[in-house]
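# Analysis of the macromolecular model
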Amino acid sequence: MMDNLSLLVQVPVLNIQLLLDGIFVGSIFALAAYGLALVWGVMNVKNLAQGDFVIMGGYIAWWLSIDVNIWIGMPAFNFDFLWISALHISTTAIPFLEFMKPAIHPIFGLPVAVVVMFGFGWFIYITIISRVIGKDMFTSLLATFGLALVISQLLNLAFGPEVQVAESGFEVNSFFDGMVTVANIRFISLILAGLLAAMVITFMKFSRMGQAIRATAQDPRAAKVMGIDTERIYAFTFALNAAICGAAGALISMIWVIQPFFGIAHSIRSFVIVTAAGLGNLPGVIIAGLGLGVAELYSGFVFGAELQQFTVVGLLVAILVWRQIQQSRHRQPVQ
Amino acid sequence: MSISTKFLRALTFGVAAAGLLAAGPASAKVEGDTIILGSAISFTGKYSTNGIHAKNGYNLGVKRVNEMGGVMVGGKAYKLKIIYYDDESTPLRTAQLAERLIKQDGIKFLLGPYSSATTKAMAPITEKYKIPMVEAEGASRSLFTQGYKYLFCVISTSEQYLASSIALAAEIAKKNGKKPSSVRVAMAFENDPFSLDVRAGVMDDLKKFGMKAVIDDKLPRDLSDMSATLTKVKALKPDLLLISGHSKGAVTAARQIKEMKIKTPMIAMTHCESAKIIKKFGDSTNGYLCPTQWAETLNYSGAAFGTAGDYDKLFKATYDGYKNVPYQAAQASAAVLVWKDAFERAQSFDTEKLRDALAATNMKTFYGGIKFSKAGNNIAKPMVLRQIQNGKLNVVAPSKWASHKVDWPRK
C-alpha cells in the first residue's frame, strides 16, 4: 500500500489518469443516482432495481450495435420465451419475413434506449409500483427487489450470461508520453451525461410537467387539491427515471462492460450517492457522483482492486454513521 | 370416529410405505442392454453456455461409443445413455440433484457437472454413497486435496493454467541474455476459488525462477473496471502481465488494455476464447497468450474419435452453429470414453471394481493422454499455451506441441 502511495508521488502524472477516469465514470453514476433521487423524493419509493434498469439500457444499446439476423439463426442469443418461439416458428415458415437488423452505432442506440426504457418504466409503474406506492417502505423495497431479480434473470435468458461490450470504434488519445490515455468515447460520454442532466434539470425547472412533479414532491395532497393528477405524475416520474437509467446504461456499455447480474453494483452506487448528497440536492448528487468515481479509482490503485468496491459500501456506512451523529445533535428530548 | 381415523392412519401409512418402496433404488444403473449414466449440469443460469457445450460433448461421446458397437461387458454389448438434470448453475441445486440421481434414480455411474463450484458441491455426496464420478469441467486444485476416492477428472487442474507462461517468460529472458529472475510480473486475479488456484500455481513458478511480482491485485466478483490496476501497470512497466477472471475478466481487461494503450511485451490471460475477445477487440488482442486444455491442431489421437482434428470435424458436422469447438465439449466427450474404458477393463458393474478400474486408467485419446494421480486428477496431459497471431490462435508452448513461434515482444 505504501509502495502504491509513493508511486503516486513519484509519478504525479498518474493522478491525472486516475482523476480523469474517475470523473468520466462518476458522471454516469451521477446520472443514475439523479434518477433514483427523483423517484425517492417524489414518490418515496426506494427503487432497488435502479442498477438493473441501467444494465437493461446497456443491453438495448449493445443489441442495436450488433448484426442480428432477426427471427432466424439467431447466433448471439437464445430467446427462450414462448411467444418468441411461436413467432420463430411462424416466420421460418414464411422466409421472406427474415431480415438482417442493421448495426446501429451505440451512440445512436442511446436515444432508442431512452425511449424504450421510458415506455418500460411506465408499464412497470402501472403494473407494480402503483400498487405499492401508498404502502409502507418494506413493501416497496420488496417489490423493487423482486423486480431487480426478474429483470436480471430475463436478461440472462434472452442474451445469455456472457459479458458484453458495445464498441464505439473511436480513437484513443495519449498525453504525457502515453502515461495518460483518454479514449474519445469516455470524453464523449462525459459530455452526453452532462447534456442529459442539463436537459432534465431544465425540464424540471421550466416545463408545466416539471413544476407539477415538484409540487407533488412537496405535498401530494395539496397538489391533488390544486387539480394535479398525481397518479399521472407518479407514472411519468418513474418512467423518466427508467429513461435516465437507460441513457446511463447505454454509456456504461460503451466504456465498461455489461452482464445480466451486474445491476446490483450500480444500484448500490446510486444509493451511496443519494444518501451522501441528500434528496433534492442536485449539485450534491453531481459532486457525490464524481467524487465516488474518483474515490473508487484511487482506492483501487492504493489498496488494490479487491477493495475498490469495498470503498463504495464502506463510504455508505461512514456516511450513515456521520449522518446519525449529525442528527443526534439536533435531536430534542420529547416532553 | 375412532375407526375412521384409524383407517385413515393405516391408509396414509400404506401409501407412504408404497411410496418409499417405489422411490427406493430400482437398480436403474443397467436396464436391459443399456448402461445409464447420470449428470446434473447447468442448462440455465450463469454457466448455461458452457454447460450446454459440455452436454453436447457428453452426447457426442455416447453417440460415438454406441455407433462403435457399445460397451462390451461379459461378452454382451451395452449401449450408453445419460440422464440429465438442470442444476440452474447453483451448487446447492447440484447437491440436491446428486442425491436424487443416486437415491431416487439409482444411478451408479456419474458424469460431472459444469464448473468447479458445482463439482465441489457434488463430490461429498458421491463420496458418501461411494459412487464413482468422472468429471470433465471442474479444474479447481482444491477438489484434489480432500482425499476423495471416487472422483476422477480428465482435465489439467487450475494451477497449471498460467504456469506455462512463466516458463515461457523465463525462456525468452534467457534468449535475450537476461536472468529469468530479472522478470517482473504483474498479476490481476479474480477473488474466486478458480482464479486463486491459478494464482497459487503462478506463485509456485515465480518462486522456482526467483521472479518478482510487482503487482498482485485481486479483482472482486462483479468488478467491471480494471483501470486502477492498469494505471499501475503503466507506471511499473512489468515484463509479464497475467490476468485470470473468467470471461468477464478477459473482456474487461482486453477492452481497457486497448483503451489505455498498455505496452507490456507479454500478456497472458485465461478464457480468451470463451470471452470472444478476438471478435470483440480485433487487432488490439494480437500477441495475447491464452492457455487451453485442448486444441484441434494438437496431434493427439485415440481409438474412438481418431485425431483431435477428426473430432473437431465430427463435432462441427453434428452440431450447428459452432465455428470453433470449445474445449469444454471435447473434454466432456473424453469423460465418456473413460467410462467405456473402465467398464471394459472391470468387466463388471460393481462400483468398487469400477472405481479401481478408473484409478488404473491409462489411455490415449483425441483429447490427450489420460492417467489419474492418486488424488484423481489427470497427470498425462499438459496445458498448452496459444498466442493470438493475426486474429488466429496458434499453439506456441510447450515446444513439444508448438506449431508456431511465439511473437515477442507483443505488437
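The rules behind each value
Residues numbered from 1 in each chain as written. Chains lettered and ligands numbered in written order. Predicted model: local features only at pLDDT ≥ 70, side-chain atom pairs only at ≥ 80, totals over all residues. Heavy atoms only, no water. Helix = DSSP H or I, 4+ residues; strand = E, 2+ residues; numbered from the N terminus. Buried < 20%, exposed > 50% of the residue type's maximum accessible area, 1.4 Å probe, protein only. Contact = heavy atoms within 4.5 Å. Areas by Shrake-Rupley, 256 points an atom, 1.4 Å probe, with all protein chains shown as cover. Phe/Tyr/Trp six-rings, centres within 6.5 Å; stacked < 30°, edge-to-face > 60°. Lys NZ or Arg CZ within 6 Å of the ring centre and 35° of its normal. Axes fitted to C-alpha atoms, helices over the stretch in contact; angles between N-to-C directions. Parallel < 35°, antiparallel > 145°, perpendicular 65-115°, else oblique. Nonpolar A, V, L, I, M, F, W, Y, C, P; charged D, E, K, R; others polar. Left-handed = near helix turned anticlockwise from the far one by under 90°. Domains from an automatic or database assignment. Buried area = accessible area lost by both parts, 1.4 Å probe. Salt bridge = Lys/Arg side-chain N within 4 Å of Asp/Glu carboxyl O. Polar contact = N/O pair within 3.5 Å; in protein donor to acceptor, adjacent residues only side chain to side chain. pLDDT = per-residue confidence, 0-100. 1 Å grid on protein atoms, 1.4 Å probe; cavity = no way out; pocket = protein on both sides within 12 Å on 5 of 7 lines; lining within 4 Å. Points joined across faces, edges and corners; volume = space filled by probe spheres on them. Pairing = 2+ DSSP bridges.

The next point concerns the overall build of chain A. In terms of helices and strands, chain A carries 13 helices and 4 strands. Each of the 335 residues in chain A was classed as buried or not, and the buried ones make up 51%. Residue pairs at least 24 apart in sequence account for 78% of intrachain contacts in chain A once pairs closer than 6 positions are excluded. For chain A, the accessible area works out to roughly 15,400 Å², and carbon and sulfur atoms hold 71% of it.

Scanning the model with the defined rule gives 30 aromatic pairs over all chains in all. Considering the side-chain rings of Phe315 of chain B and Tyr319 of chain B, the 4.9 Å spacing of their centres and the 50° angle between planes classify their relative orientation as tilted. For Tyr319 of chain B, a relative accessible area of 16% puts it in the buried group. Taken together through their ring pairs, the aromatic side chains of Trp294, Phe305, Tyr311, Phe315, Tyr319, Tyr322, Phe366 and Tyr367 of chain B make up a single cluster. Directly above the ring of Phe43 of chain B sits Lys55 of chain B, whose terminal nitrogen or CZ lies 5.1 Å from the centroid. We note Lys232 of chain B situated over the ring of Phe301 of chain A; from NZ or CZ to the ring centre the distance is 5.6 Å.

Residues and elements named next belong to chain B. Packing of helix 2 (residues 48-67) against helix 10 (residues 308-318) leaves a shortest axis separation of 11 Å and a crossing angle of 105°. Considering their axes alone, helix 2 and helix 10 lie roughly perpendicular with respect to each other. Touching Asn56, Gly57, Leu60, Lys63 and Arg64 of helix 2 are Tyr311, Leu314, Phe315 and Thr318, all from helix 10. Class assignment of the residues belonging to the contact of helix 2 with helix 10 gives a composition of 4 nonpolar, 3 polar and 2 charged.

Moving on, we come to the packing of helix 2 (residues 13-43) of chain A against helix 7 (residues 184-206) of chain A. Residue and element names in this part refer to chain A. Relative orientation of the contacting elements helix 2 and helix 7 amounts to 25°, with a least axis distance of 9 Å. In terms of axis orientation, helix 2 runs roughly parallel to helix 7. Read as a crossing pair, helix 2 and helix 7 show a hand that is left-handed. On helix 7, the residues that touch Asp21, Ile23, Phe24, Ser27, Ile28, Leu31, Tyr34 and Leu38 of helix 2 are Arg186, Phe187, Ser189, Leu190, Ala193, Leu196, Ala197, Val200 and Met204. Residues belonging to the contact of helix 2 with helix 7 are distributed by class as follows: 13 nonpolar, 2 polar and 2 charged.

What follows deals with the domain arrangement of chain B. All names here are of chain B. For chain B, the domain assignment lists domain 1 (30-156 + 297-371) and domain 2 (160-292 + 384-397). Of note, the centres of domain 1 and domain 2, computed from C-alpha atoms alone, are 31 Å apart. In this complex, domain 1 contributes 10 residues to the contact, which on the side of domain 2 involves 10 residues. Summed over both sides, the interface of domain 1 with domain 2 buries roughly 1,000 Å², with 50% coming from carbon and sulfur. It is Arg141, Ser156 and Tyr327 that lose the most area in domain 1 upon contact with domain 2, and together they represent 46% of the buried surface on that side. Our count for the contact surface shared by domain 1 and domain 2 stands at 1 salt bridge. Among the ionic pairs, Asp204 bridges to Arg141, the shortest N-O distance being 4.0 Å.

Accessible area lost on assembly of the parts is the figure often given for the size of an interface. On the side of chain B, 34 residues touch chain A, which itself brings 40 residues to the contact. Counting every contact that joins chain A to chain B gives 3 salt bridges. Across the pair Glu167 of chain A and Arg255 of chain B runs a salt bridge, and its minimum N-O distance is 2.9 Å. For the pair chain A and chain B, the number of links is 18 residue pairs in polar contact (both at pLDDT 80 or more). Element by element, the count of residues in the side of chain A that touches chain B is highest for helix 2 of chain A, at 4 residues.

With that settled, the discussion passes to the confidence of the model for chain B. Residue and element names in this part refer to chain B. When pLDDT is averaged across chain B, the result is 89; 93% of the residues are at 70 or more. Residue range residues 19-28 is modelled with pLDDT below 50. Its contacts to residues more than four positions away, or to other chains, number 9 contacts. Note on the complex model: pTM 0.79, ipTM 0.80.

The next thing to look at is empty space enclosed by the protein. For the coordinates displayed, the defined rule picks out 3 cavities of 30 Å³ or more. Volume-wise, the largest cavity comes out at about 60 Å³. If you tally residues by element for the lining of the largest cavity, the top one is helix 8 (residues 246-259) of chain B, at 3 residues. Of the residues that constitute the lining of the largest cavity, the class distribution is 4 nonpolar, 3 polar and 3 charged. There is about 50 Å³ of room inside the second largest cavity. If you go around the second largest cavity, the residues you meet are Ile28, Phe29, Ala32, Val54, Ala248, Ile252, His266, Arg269 and Ser270 of chain A. For the lining of the second largest cavity, the secondary-structure elements that each account for two or more residues are helix 2, helix 10 (230-255) and helix 11 (263-277) of chain A.

Domains assigned within chain A are domain 1 (2-66 + 103-330) and domain 2 (67-102). When each unit is reduced to the centre of its C-alpha atoms, the spacing between domain 1 of chain A and domain 2 of chain A is 33 Å.

Attention now moves to the sheet that holds strand 12 (residues 288-292) of chain B. Residues and elements named next belong to chain B. Spatial ordering of the open sheet is given by 9-8-10-11-12-17-18, a layout of 7 strands whose pairing is mixed. For this open sheet the edge positions go to strand 9 (212-219) and strand 18 (392-397), each flanked by a neighbour on one side alone. Averaged over all pairs of adjacent strands, the angle between strand axes in this sheet comes to 25°, irrespective of strand direction. In terms of strand pairing, strand 8 (residues 184-190) meets strand 9 through 7 bridges, oriented parallel. For Ala186, the partnering residue across the bridge sits in strand 9 and is Ile215. Across the sheet, helix 6 (residues 193-209) lies against strand 8, strand 9 and strand 10 (240-244), angled at about 165° from strand 8, the strand it touches most.

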